[in-house]
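The lines below spell out each chain.
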Amino acid sequence: MSVDGFALLAGAHEYLLTVVRGVPEGAWGVPTPCSEWTVRQVLNHARLDQQALVMQITGEPPAGDPFDPADVPADGDDAVAELAALLEGAAKAWESVRGAESVPTPMGPMPAAAGAAVAALDAAVHAWDIARATGQDLPLTDSLAEGLESPAARIVDFVRDNFGKFGPVVEVPADAGPAAKLLGFTGRDPQWAPPAA
C-alpha cells in the first residue's frame with residue numbers, strides 16, 4: 001500500500017490538535033495508557049518528539065527530554081495554541097525537505113516522506129493515548145492506522161529493541177481492525193480504560 005507521508009502527517013497533527021482541544025478542565029493530571037505519565041506528560045512528550053524528529057533538519061534540539069517530560073506544560077487554550085504553533089513548525093521543517101531521498105533523523109537517514117510518516121505515527125498514537133485517558137470519543141481511525149502500518153514496521157521494533165521505548169506487543173484478536181492491530185503493535189491495549197475513581 002503506497003501512502004503519502006505528508007498527508008499522514010497532516011491528518012495525525014489534526015487528530016492530535018482535536019484531541020488536545022477536547023481535554024476537559026481538570027483532566028490534565030489523569031493517568032494515561034502510558035502508565036507512568038499523566039495527560040500533561042504525554043502531551044509534552046508528543047510535542048518534544050515532534051521537535052526531536054526534525055532537529056537535524058532545523059538545527060534546533062527539542063526544548064527538553066522527550067523521555068522525561070515535565071508535568072507542567074500549559075493547560076487549556078494555552079496548550080492548544082502552543083501545540084498548534086509547534087506542529088506548524090514541524091510540518092514546515094518536513095516540507096522544506098519534501099522530495100529528498102535521504103534526510104537525517106534520530107533513527108538514521110530516511111526519505112523525507114518516510115520521516116514525515118514516522119512523525120505522523122508518533123502524533124497519532126499519542127493523540128489516542130490522550131483521547132482514551134480523557135474519555136473522548138475520538139478513536140484512531142482504521143484508515144489512518146492503515147497508512148501508519150509502514151512507518152510502524154520501519155521503526156517500532158528498532159526503537160523497542162534499542163531504546164526500550166515502546167512496551168511489549170499487546171496481542172489482539174486475529175480479526176481485529178487496523179487501528180487495534182497498530183495500537184497492540186506499539187504496546188498499547190486497544191481496550192484500555194482509565195482506572196476507576
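Refer to the structure printed above.
Read on for a plain summary of the structure. Note that the structure is a prediction, hence the values are computed from the model and not measured. Numbers given for residues are sequential positions, taken from 1 along each chain in its written order. Only residues with pLDDT of at least 70 are given local features in this predicted model, and only at 80 or more are side-chain atom pairs given and counted; all residues enter the totals for whole chains, interfaces and linings. Side-chain calculation: all heavy atoms of the structure are included, whereas hydrogens and water are not.

**Re the overall build of the protein chain**
Helix and strand definitions follow DSSP, with helices as H or I runs of at least four residues and strands as E runs of at least two, each counted in order from the N terminus. Along the backbone of the protein chain there are 6 helices and 0 strands. Counting helices and strands in the order they occur from the N terminus, the protein chain gives α-α-α-α-α-α. Relative to the globule expectation of 16 Å for 197 residues, the C-alpha radius of gyration of the protein chain, 16 Å, shows essentially globular dimensions. Projected onto its principal axes, the C-alpha coordinates of the protein chain cover approximately 50 × 40 × 30 Å. For the exposure calls, accessible area comes from a 1.4 Å probe over protein chains only, and a residue counts as buried if that area is under 20% of its type's maximum, exposed if over 50%, partly exposed in between. Classification of the 197 residues of the protein chain by burial places 47% in the buried group. Atoms considered for the radius of gyration are the C-alpha atoms alone. The globule rule reads 2.2 Å times the number of residues to the power 0.38.

**A closer look at the pattern of salt bridges**
Each salt bridge in this description consists of a side-chain nitrogen of Lys or Arg and a carboxyl oxygen of Asp or Glu lying within 4 Å of one another. This model, assessed by the stated rule, comprises 6 salt bridges. A salt bridge links Arg47 to Glu82, with the shortest nitrogen-to-oxygen separation between them at 3.2 Å. Residue Arg47 is found in helix α2 (residues 39–58), and its partner Glu82 is found in helix α3 (residues 76–96); the two are separated by 35 residues along the sequence. Ionic pairing is found between Arg98 and Glu95, a salt bridge with its closest N-O pair at 2.6 Å. When its relative accessible area of 45% is taken as the criterion, Arg98 is described as partly exposed.

**Considering α3**
Take the residue count of a helix, subtract one, and multiply by 1.5 Å to get its expected span. With 21 residues, α3 should reach 30 Å at 1.5 Å per residue; the first-to-last C-alpha distance of 31 Å fits that figure. Residues of α3 that are buried: Ala79, Val80, Leu83, Leu86, Leu87, Ala90, Ala93 and Trp94. Relative to the axis of α3, the buried residues are bounded by an arc of 155° and lie together on one face. Those residues of α3 that are exposed and aimed more than 90 degrees away from the buried face are Asp77, Lys92 and Ser96. Contacts: residue pairs with any heavy atoms within 4.5 Å of one another. In this structure, the buried residues of α3 make contact with α1 (5–21), α2 and α4 (112–133). Comment: arc refers to directions from the helix axis out to C-beta atoms.

**Points about the packing of aromatic side chains**
Classification of ring pairs rests on two measures: the distance between centres of Phe, Tyr or Trp rings, Trp counted by its six-membered ring, which must be within 6.5 Å, and the angle between planes, read as stacked under 30 degrees, edge-to-face over 60 and tilted in between. Considering all chains together, one arrives at 0 aromatic pairs under this definition. Geometrically, a charge over a ring is one whose NZ (Lys) or CZ (Arg) sits within 6 Å of the ring centre while staying within 35 degrees of the ring normal. Above the face of the Phe6 ring, Arg98 is positioned so that its terminal group lies 4.0 Å from the ring centre. A cation over a ring is seen here: Arg160 above Phe185, with NZ or CZ 5.4 Å from the ring centre.

**Brief notes about the nonpolar core**
One broad rule of soluble globular proteins: the nonpolar side chains tend to lie buried together. Counting residues in each nonpolar core, the largest one holds 59 residues, and the members touching the most others are Leu16, Val20, Trp94, Ile130 and Leu140. Where this core is concerned, the elements lending two or more residues are α1, α2, α3, α4, α5 (142–163) and α6 (178–185). With 16 residues, the single largest contributor to this core is α4. Filtering out sequence-adjacent residues up to four positions away, Trp94 remains in contact with Phe6, Leu9, Leu53, Val54, Ile57, Val103, Thr105, Ala112, Gly115, Ala116 and Ala119. Buried Ala, Val, Leu, Ile, Met, Phe, Trp, Tyr and Cys residues that are joined via side-chain atoms within 4.5 Å together make up what is termed a nonpolar core.

**Structural notes on the environment of Val172**
Its location among the elements puts Val172 in the loop between α5 and α6. Classification of Val172 as partly exposed rests on a relative accessible area of 22%. Sequence separation between Val172 and Gly184 is 12 residues, and the spatial gap between their C-alpha atoms is 6.4 Å. The residues contacting Val172, other than those within four sequence positions of it, are Ala180, Lys181, Gly184 and Pro190.

**Considering the environment of Val20**
Structurally, Val20 is set in helix α1. If we skip the residues at most four places from it in the chain, Val20 touches Trp28, Leu43, Ala79, Val80, Leu83 and Ile130.

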